[in-house]
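Residue strings, one per chain:
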Amino acid sequence: MWKVDGSGRSAYLTWTGTDRKFALLDGQTWAIGRGEGCAVLLHSRAVSRLHALIQRRESGDYFLVDLGSRNGSFINGRRVSEPAQLHDNDHLVFAEQELVFRNPGRATSEPLPPVTDSRDLPTSAMLVQSLTTIVVVDIRDFTRLARSLSEALLSQTIGTWFFRIGKVAERWGSWKQQYMGDAVMAVWIHENKANVGAELTRVLRAVSEMDQVTAEISRSLPLPGLLRIGAGVNTGLAVLGGTYYTALGDTVNVAMRLEAATKTTGLYVVLGDSTFEALIAPPPLPFQRVEVKVKGHDQPVIAWGISFQDLDSFLNTVDDAHLKSAPTPS
């Protein structure tokens, strides 16, 4: 549903070639897509159900976040790979749907010039294979949730969740966060193999805090039930870099399968075998052995599952001496 902006000063979107406006008035986030509950509903099969998100930060600045859409989100011809600030008169493209972002109150901001030549594109980073830990976190039963919420509340929920989860990952040393529909992938790089065990404790503390943040969001918003998440954690070699600075390879694929396994195992966190083997903690470890089928693997992979409650108890038993240099969550 498109809302008319009558103030003349508030930010809004216009559909190119029409006089239709969507005022960015209510709330802090607005979901864009063709699915039920999206604040900005685009009727195109080329647009993902939950395609992108506009966030208004406390500073009053607006950002566009692509949610792992199949056909991408673009600002002035540049594909968005991480949250990008919006400026007055920016042209936004979602698949073949084009809109213009207007922010009359900040019309002096300088938008990025449109891409007219491939020489204007950012230099592609070299692809490098690195030892990483990949965390994939997903909201449980998101499709059912989306159908039960108003467009404003859905946008507020998913926007708040993405923002808070991303901040948690950053505080605990994540190199990169990528948004994928109703999930977030966070990447940790291990530059020294000798430090992997200690760094994995940071990763698991981040996962634990993500669960706590999700519960806080549930309590702060009028949702019909408690938000829950599942997390897949996998350690191994991954290819990093490219124009959009992402992680690729089997380690990422397995992490996604491990997250999916949280829905069938009844355990909310599932670790790959290499992650489990690298943990530094006194036995016995409170993890349950499970087997997960992964596309491209002839045999199921061994994994280790745990509940968030048991994960918190486990972390309390770990020697925290090696965390003194870790960022302190606020």
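Residues numbered from 1 in each chain as written. Predicted model: local features only at pLDDT ≥ 70, side-chain atom pairs only at ≥ 80, totals over all residues. Heavy atoms only, no water.

Focus: the overall build of the protein
We count it as follows: Helical segments are the DSSP runs of H or I of at least four residues, strand segments are the runs of E of at least two, and each set is numbered from the N terminus. Whether a residue is buried, partly exposed or exposed follows from its accessible area with a 1.4 Å probe, protein chains only, as a fraction of its type maximum: under 20%, in between, or over 50%, in that order. It only takes one pair of heavy atoms within 4.5 Å for two residues to be counted as in contact. For the area figures, the Shrake-Rupley method with a 1.4 Å probe applies, and any residue is considered shielded solely by the protein chains shown.
The helix and strand tally for the protein stands at six helices and 19 strands. Each of the 330 residues in the protein was classed as buried or not, and the buried ones make up 52%. A fraction of 61% describes how many contacts in the protein between residues 6 or more apart in sequence connect residues 24 or more apart. Total accessible area on the protein is roughly 15,900 Å²; 50% of this is exposed by carbon and sulfur atoms.

Re the pairing of strand 5 (residues 52-56)
Threshold: Strands qualify as paired when DSSP identifies two bridges or more between them.
The buried fraction of strand 5 is high, at five of five residues. Residue alternation in strand 5 divides its side chains into two sets, Ala 52, Ile 54 and Arg 56 and Leu 53 and Gln 55, and both sets are buried. Sheet topology places strand 3 (residues 29-33) next to strand 5; four bridges connect them, and they run antiparallel. Looking at strand 5, one finds that Ala 31 is bridged to Leu 53. One ladder, built from five bridges, connects strand 5 with strand 6 (residues 62-66); its direction is antiparallel. Bridge pairing in strand 6 places Ala 52 opposite Asp 66.

Some words on the environment of Val 187
Inspection of the secondary structure puts Val 187 in strand 14 (residues 183-189). With a relative accessible area of 1%, Val 187 lands in the buried category. Through-space distance from the C-alpha of Val 187 to that of Ala 247 is 7.5 Å; in sequence the pair is 60 residues apart. In contact with Val 187, other than residues within four places in its own chain, are Thr 132, Thr 133, Ile 134, Ser 174, Trp 175, Lys 176, Leu 240 and Ala 247.

A look at the packing of aromatic side chains
Heads up, the rule is: Ring pairs shown here join Phe, Tyr and Trp side chains whose ring centres sit within 6.5 Å, with only the six-membered ring taken for Trp; geometry is labelled stacked below 30 degrees between planes, edge-to-face above 60, and tilted in between. Criterion for a charge above a ring: Arg CZ or Lys NZ at most 6 Å from the ring centre, at most 35 degrees from the ring normal.
Tallying each qualifying case throughout the model produces eight aromatic pairs. Following the ring pairs from residue to residue traces out a cluster consisting of Phe 276, Phe 287, Trp 304 and Phe 314. Here the guanidinium or amino end of Lys 21 rests over the ring plane of Tyr 12, the centre of that ring lying 4.7 Å away. The ring of Tyr 268 is capped by Arg 228, whose NZ or CZ atom sits 4.4 Å from the centre of that ring.

Focus: the sheet that holds strand 11 (residues 97-102)
Read from one edge to the other, the open sheet built from six strands follows the order 2-1-11-10-7-8, with strand pairing classed as antiparallel. Two strands in the sheet have a free side with no partner beyond their single neighbour: strand 2 (21-23) and strand 8 (78-79). With three bridges joining them, strand 7 (residues 73-75) and strand 10 (residues 90-94) adopt antiparallel strand pairing. Looking at strand 10, one finds that Ser 73 is bridged to Phe 94.

Some remarks on the packing of helix 2 (residues 151-171) against helix 3 (residues 196-220)
When two helices pack together, their arrangement is given by the angle between their axes and by how far apart the axes lie. Here is the rule we go by: To get an axis, fit a line to the C-alpha atoms, keeping to the stretch in contact for a helix; angles then go from 0 to 180 degrees between the N-to-C directions. Orientation categories follow fixed angle ranges, with anything under 35 degrees roughly parallel, anything over 145 roughly antiparallel, 65 to 115 roughly perpendicular, and all other angles oblique. What makes a crossing left-handed is the near helix being turned counterclockwise from the far one by less than a right angle; a clockwise turn instead makes it right-handed. In this classification, Asp, Glu, Lys and Arg are treated as charged, Ala, Val, Leu, Ile, Met, Phe, Trp, Tyr, Cys and Pro as nonpolar, and every other residue, Gly included, as polar.
Here helix 2 crosses helix 3 at 155 degrees, and the two axes come no closer than 10 Å. In terms of orientation, helix 2 lies roughly antiparallel with respect to helix 3. As for how helix 2 packs across helix 3, the hand of that crossing is right-handed. Together, Thr 160, Trp 161, Arg 164, Ile 165, Val 168, Ala 169 and Arg 171 of helix 2 and Ala 206, Glu 209, Met 210, Val 213, Thr 214, Glu 216 and Ile 217 of helix 3 make up the contact between the two elements. Among the residues forming the contact of helix 2 with helix 3, the class breakdown is eight nonpolar, two polar and four charged.

Description of the nonpolar core
Where we set the bar: Throughout, nonpolar core names a set of buried Ala, Val, Leu, Ile, Met, Phe, Trp, Tyr and Cys residues whose side chains join them through atoms within 4.5 Å.
The biggest cluster of nonpolar side chains holds 55 residues, and the ones touching the most others in it are Trp 161 and Leu 311. Per-element tally for this core: the top contributor is helix 3, with nine residues. The contacts of Leu 311, once residues within four sequence positions are left out, are Leu 204, Val 207, Ser 208, Val 269 and Ile 306. Ala 11, Trp 15, Leu 42 and Phe 94 belong to the second-largest nonpolar core, a separate cluster that totals 23 residues.

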